[in-house]
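Here is what each chain is made of, one letter per residue.
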Amino acid sequence: MNYFYKKTKIGYITIFENKNKIIRLKFNKIKDNSNFILSPLIEKTFIELDEYFEGKRKKFDIPIKPDGTEFQKKVWMELIKIPYGTYTTYRDIANKIENKNASRAVGNANNKNPILIIIPCHRVIGSNNKLRGYSQGINYQEKLLKIEKAI
């Protein structure tokens, strides 16, 4: 597994790669960066993220492999379908995966999303159209939705 962190327009991001697929992306600065490797895939991911932060990229062209339960993966694959610049609700995602009573479980799957931004869990909001429960903090969710001009 390779990882690398760098400061971006919205803060430090660490990207993890395994077997030529991105497996994790999170907001933070690794305290021990002695084993980092800036692989071509991680470098490409940072380039695409920079384009996204500048409002120039609407879709990512990065191979990903999120690790989670089958239910989580089903939710995450549905999140990828949410168009740039829009948002939806936990209830809408539950309906799309044909499990209308799973709004809370969808929220939990969002919270466990290992590949932030690329799997756009920031595009899911509460039924009252309020930002709520973003795993990295609502301030990051708001920043990402503002980049997309969704709010």
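These notes cover the structure that comes with them. Predicted model, so just to flag it, every value in this text is computed and none were measured.

## Topic: the packing of aromatic side chains
With the rule as written, the count across this model stands at seven aromatic pairs. Centre to centre, the rings of Tyr-3 and Phe-16 are 5.6 Å apart; their planes meet at 35°, and the pair counts as tilted. Here Phe-16 lies in strand 2 (residues 11-18) and Tyr-3 lies in strand 1 (residues 2-8), a separation of 13 residues in the sequence. Exposure remark for Tyr-3: the relative accessible area of 13% places this residue in the buried category. Residue Phe-16 is classed as buried on the basis of its relative accessible area, which comes to 10%. When the centroid spacing of 5.7 Å and the interplanar angle of 65° are considered together, the rings of Tyr-52 and Phe-53 count as edge-to-face. Classification of Phe-53 by relative accessible area gives buried; the value is 2%. Among the aromatic residues, those joined into a cluster by ring pairs are Tyr-52, Phe-53, Phe-60 and Tyr-84.

## Considering the sheet that holds strand 1
The three strands are arranged 1-2-3 in an open sheet whose pairing can be described as antiparallel. Only two strands of the sheet have a single neighbouring strand rather than two, namely strand 1 and strand 3 (21-27). Averaged over all adjacent pairs, the angle separating strand axes in this sheet is 20°, with direction ignored. Here seven bridges tie strand 1 to strand 2, and the two strands are oriented antiparallel to one another. Following the sheet pairing, Lys-7 is matched in strand 2 by Tyr-12.

## Brief notes about empty space enclosed by the protein
Considering all chains together, one arrives at one cavity of 30 Å³ or more under this definition. The space that makes up the largest cavity amounts to roughly 50 Å³. Split by residue class, the lining of the largest cavity holds four nonpolar, five polar and one charged.

## Observations regarding helix 2 (residues 70-79)
All of the buried residues along helix 2 are Gln-72, Val-75, Trp-76, Glu-78 and Leu-79. Angularly, the buried residues of helix 2 cover 160° about the axis, an arc narrow enough to put them on a single face. Each element contacted by the buried residues of helix 2 is listed here: helix 3 (90-96), helix 4 (103-111) and strand 5 (124-125).

About the criteria used
Residues numbered from 1 in each chain as written. Predicted model: local features only at pLDDT ≥ 70, side-chain atom pairs only at ≥ 80, totals over all residues. Heavy atoms only, no water. Phe/Tyr/Trp six-rings, centres within 6.5 Å; stacked < 30°, edge-to-face > 60°. Helix = DSSP H or I, 4+ residues; strand = E, 2+ residues; numbered from the N terminus. Buried < 20%, exposed > 50% of the residue type's maximum accessible area, 1.4 Å probe, protein only. Pairing = 2+ DSSP bridges. Axes fitted to C-alpha atoms, helices over the stretch in contact; angles between N-to-C directions. 1 Å grid on protein atoms, 1.4 Å probe; cavity = no way out; pocket = protein on both sides within 12 Å on 5 of 7 lines; lining within 4 Å. Points joined across faces, edges and corners; volume = space filled by probe spheres on them. Nonpolar A, V, L, I, M, F, W, Y, C, P; charged D, E, K, R; others polar. Arc of directions from axis to C-beta. Contact = heavy atoms within 4.5 Å.

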